[in-house]
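Chain residues, written in single-letter form:
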Amino acid sequence: MNNPRSVNSSASPANLDLVENQRQSSSGEFSRIEKRNGATKITFHSKSMPRGCNDKKYDLFRTMSGKLERQISNLRGKPIDTSLQDKEITESLTAERFLEALQGPELETLKEMEKIVLPEDKTWPFLLRFPVTSFGMCLGVSSQAIMWKTLATTKAEKFLHLTQVVNHVLWWISLVLLVSFSITYLFKTIFFFEAVRREFKHPIRVNFFFAPLISVLFLALGIPHSITSSLPSILWYFFIAPILLLEMKIYGQWMSGGQRRLSKVANPTNHLSIVGNFAGALLGASLGLKEGPMFFFSVGLAYYLVLFVTLYQRLPTNETLPKELHPVFFLFVAAPAVASMAWTTISASFDIGSRIAYFISLFLYFSLVVRINFFRGFKFSLAWWAYTFPMTAVATATIKYSGEVNGLATQILAVLMSGAATLTVIGVLVLTVVHAFVKRDLFPNDFAIAISAEQPKQKKWLKQLINGSLENSTRGLKVLDPEDTRIDIEAPPLSNAVCHTV
């Protein structure tokens, strides 16, 4: 009566294998169990556990822990088959893959049919949520330090009776921000190098790698006189060298074609690389150098003209940018404003070249400001800090212009634009504090770095409909290759799973 054979006589070997495969699906890994049934080789696939149920998936982005875990498991005689997981991570992501998988103002929102390789319903480690766009805050504050220093030292603005106290405070704040953010991102590079690598391949995030380098130049330009009146010129070479190397990489991709050519990946954040050239030329000329600043000014001018025409004509998509991208239009203003100040320092006068660049930035500035409805109804992002420094840059250029063309109109214009830039920074600062301490969503899960390397597959019912297998009793059977004797069986999800499969 208690014969086990009689109990299990109705269960076929294939069904037993399916039950065993279901138990293995709780591990959350893509496992393969190969068994032979006569002359036919059958391969069983188990569904992965729902995202968020397996914390070990963070190991895929860790620099060393994932490799060490696999090595230890192999030494214990329990080899782990991670070929599918490794493929999701190590396979190179192209710019086109980011463009087709993401949407939003900075390509940070996952499209509906896409999947990610990290848990979606859990809060990720802080380092994985800390984006390179955070350095935009350093740009905003350090540029304010330069503006207040210029206000306090320009003769035309002496009627304001300003001291360099504000410049001193802002400079130290920007220094602390830059050091703390750099250390944080350094830890991210050490522990989650794959996340940094994916940000560098991101068509928009890659431009923000210029942000900490430009912030260093801004700190050198805005250093208070109470600390030092002049810096040694040798420092300029150390500051400009990483910018040159990064530009050679980015500009080379623009020229060499492929998926990262300029007409494919052009976006307003590309102006950050151009600003790096002009800011480097401005600092070098202020330190008394001649040829080096002229070289970087020439390179910046050439690529600004190409980028300006490309973006102005919407060559990548020929479509109107969404309202979430409206703040980035101010990046059009930054490059000519910094170029105006750079050429003023190089030529030692606010001559016709400086005025042409300044008037271009001034026209672009007012053409954006007068459109009130242009800046309504879009979501706050930490990258907004990178869009505050263009307003500060054109305000600083206006202060320089008022010192050259002294008059009541230019003085009023300098004060108004400086006030607008300061209010903008204060407003973005308030929003940052609200999202950081009240809403606590300043650093959400960064889906942009966790996209799958492959396009999402078709739904199972659609595949079955195409293959004409809806009426087949073995719906899970699917022949991969007509010439291959292997058959894939996909196990159904566990009935008692807590999380739902995405």
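Note that the structure is a prediction, hence the values are computed from the model and not measured.

Parameters and conventions
- Residues numbered from 1 in each chain as written.
- Predicted model: local features only at pLDDT ≥ 70, side-chain atom pairs only at ≥ 80, totals over all residues.
- Heavy atoms only, no water.
- Helix = DSSP H or I, 4+ residues; strand = E, 2+ residues; numbered from the N terminus.
- Buried < 20%, exposed > 50% of the residue type's maximum accessible area, 1.4 Å probe, protein only.
- Contact = heavy atoms within 4.5 Å.
- Expected span 1.5 Å × (residues − 1).
- Bend = angle between axes of the 7 residues up to and from the residue.
- Salt bridge = Lys/Arg side-chain N within 4 Å of Asp/Glu carboxyl O.
- Polar contact = N/O pair within 3.5 Å; in protein donor to acceptor, adjacent residues only side chain to side chain.
- Phe/Tyr/Trp six-rings, centres within 6.5 Å; stacked < 30°, edge-to-face > 60°.
- Axes fitted to C-alpha atoms, helices over the stretch in contact; angles between N-to-C directions.
- Parallel < 35°, antiparallel > 145°, perpendicular 65-115°, else oblique.
- Nonpolar A, V, L, I, M, F, W, Y, C, P; charged D, E, K, R; others polar.
- Left-handed = near helix turned anticlockwise from the far one by under 90°.

Participant: Where do I start with the overall build of the chain in this structure?
Facilitator: Looking only at helices and strands, the chain has 19 helices and 6 strands in total. Within the chain, the proportion of its 502 residues that are buried is 46%. Residue pairs in contact within the chain that sit at least 24 positions apart in sequence constitute 77% of those at least 6 positions apart.

Participant: Got a minute to help me understand helix α11 (residues 234-256) in this structure?
Facilitator: Since the α-helix advances by 3.6 residues per turn, residues separated by three or four positions end up pointing in the same direction. Relative to the 33 Å expected for 23 residues at 1.5 Å per residue, α11 spans 33 Å between its end C-alpha atoms, a close match to the ideal helical length. Where α11 bends most, the angle comes to about 30 degrees, and this point is Ile240, followed within four residues by the proline Pro242. Inspection of α11 places Trp236, Ile240, Ile243, Leu246, Glu247, Ile250, Tyr251, Gln253 and Trp254 among the buried residues, and these make up the whole buried set.

Participant: It is not clear to me how the pattern of salt bridges should be interpreted in this structure. Could you clarify?
Facilitator: Pairing between side chains becomes possible if they bear opposite charge and their charged atoms approach one another. Taken as a whole, this structure holds 7 salt bridges when the rule is applied. Within the structure, one salt-bridge network assembled from shared partners comprises Lys188, Glu199, Arg205 and Asp446.

Participant: What is the right way to look at the side chain of Ser134 in this model?
Facilitator: Here Ser134 shows up in the loop between α6 (126-129) and α7 (136-153). Note on Ser134: relative accessible area 1%, which makes it buried. Polar side-chain contacts of Ser134 include one of 3.0 Å to the backbone oxygen of Pro131.

Participant: Could you clarify how one ought to interpret the environment of Leu118 in this entry?
Facilitator: Counting through the fold element by element, Leu118 comes out in the loop between β4 (109-110) and α6. Given a relative accessible area of 0%, Leu118 falls into the buried group. For Leu118 and Asp446, which are 328 residues apart along the polypeptide, the C-alpha to C-alpha distance reads 9.8 Å.

Participant: Explain the packing of aromatic side chains to me, please; I cannot follow it from the model alone.
Facilitator: Centre distance and the angle of the planes are the two values used to describe a pair of aromatic rings. Inspection of the entire model under this criterion finds 30 aromatic pairs. With a centroid separation of 5.1 Å and an interplanar angle of 85 degrees, the aromatic rings of Trp171 and Trp172 are classed as edge-to-face. Of the residues examined, Trp171 reaches a relative accessible area of 8% and is grouped as buried. Ring centres 5.7 Å apart and planes at 40 degrees place the aromatic pair Tyr304 and Phe308 in the tilted group. Linking Tyr304 with Phe308, this pair stays in helix α14 (residues 291-312), spanning 4 residues, or about one helical turn. Tyr304 sits in the buried class, given a relative accessible area of 8%. Here the aromatic residues Phe126, Phe130, Phe135, Phe181, Tyr185, Phe200, Phe209 and Phe443 are joined through ring pairs into a cluster of three or more.

Participant: How do you make sense of the environment of Val265 when you look at a structure like this?
Facilitator: Summarising the element assignment, Val265 is placed in helix α12 (residues 262-265). In this structure Val265 comes out as buried when scored by relative accessible area, which is 9%. For the pair Val265 and Leu99, spaced 166 residues apart in sequence, the C-alpha to C-alpha distance is 8.8 Å.

Participant: Help me understand unusual backbone geometry in this model?
Facilitator: In most cases, non-glycine residues show a negative phi, while peptide bonds are predominantly trans. At Ala348, a position not held by glycine, the phi torsion is positive, near 65 degrees. Take Ala348: its relative accessible area is 70%, and that puts it in the exposed class. Not every positive phi belongs to a glycine, and Arg440 is a case in point at roughly 55 degrees. Mapped onto the elements, Arg440 comes out in the loop between α18 (408-438) and α19 (460-467). Overall, Arg440 belongs to the exposed group, its relative accessible area being 71%.

Participant: How should I be thinking about the packing of helix α8 (residues 165-191) against helix α9 (residues 193-201) in this particular structure?
Facilitator: Helix-helix packing: each pair is described by the crossing angle between the helix axes and the interaxial distance. As a packed pair, α8 and α9 sit with axes 5 Å apart at the nearest point and diverge in direction by 110 degrees. With respect to α9, the axis of α8 lies roughly perpendicular. Residues Tyr185, Lys188, Thr189 and Phe191 of α8 touch α9, and the partners they reach there are Phe193, Ala195, Val196 and Glu199. Classifying every residue of the contact of α8 with α9 gives 5 nonpolar, 1 polar and 2 charged.

Participant: Can you walk me through the packing of helix α13 (residues 271-286) against α14 in this structure?
Facilitator: Packing of α13 against α14 leaves a shortest axis separation of 8 Å and a crossing angle of 155 degrees. The angle between the axes of α13 and α14 places the two elements in the roughly antiparallel class. Crossing of α13 over α14 shows left-handed handedness. Where α13 abuts α14, its residues His271, Ile274, Asn277, Phe278, Ala281, Gly284 and Ala285 lie against Pro293, Phe296, Phe297, Val299, Gly300, Leu301, Tyr303, Tyr304, Leu307 and Leu311.

Any functional reading would require information that these geometric values do not contain.
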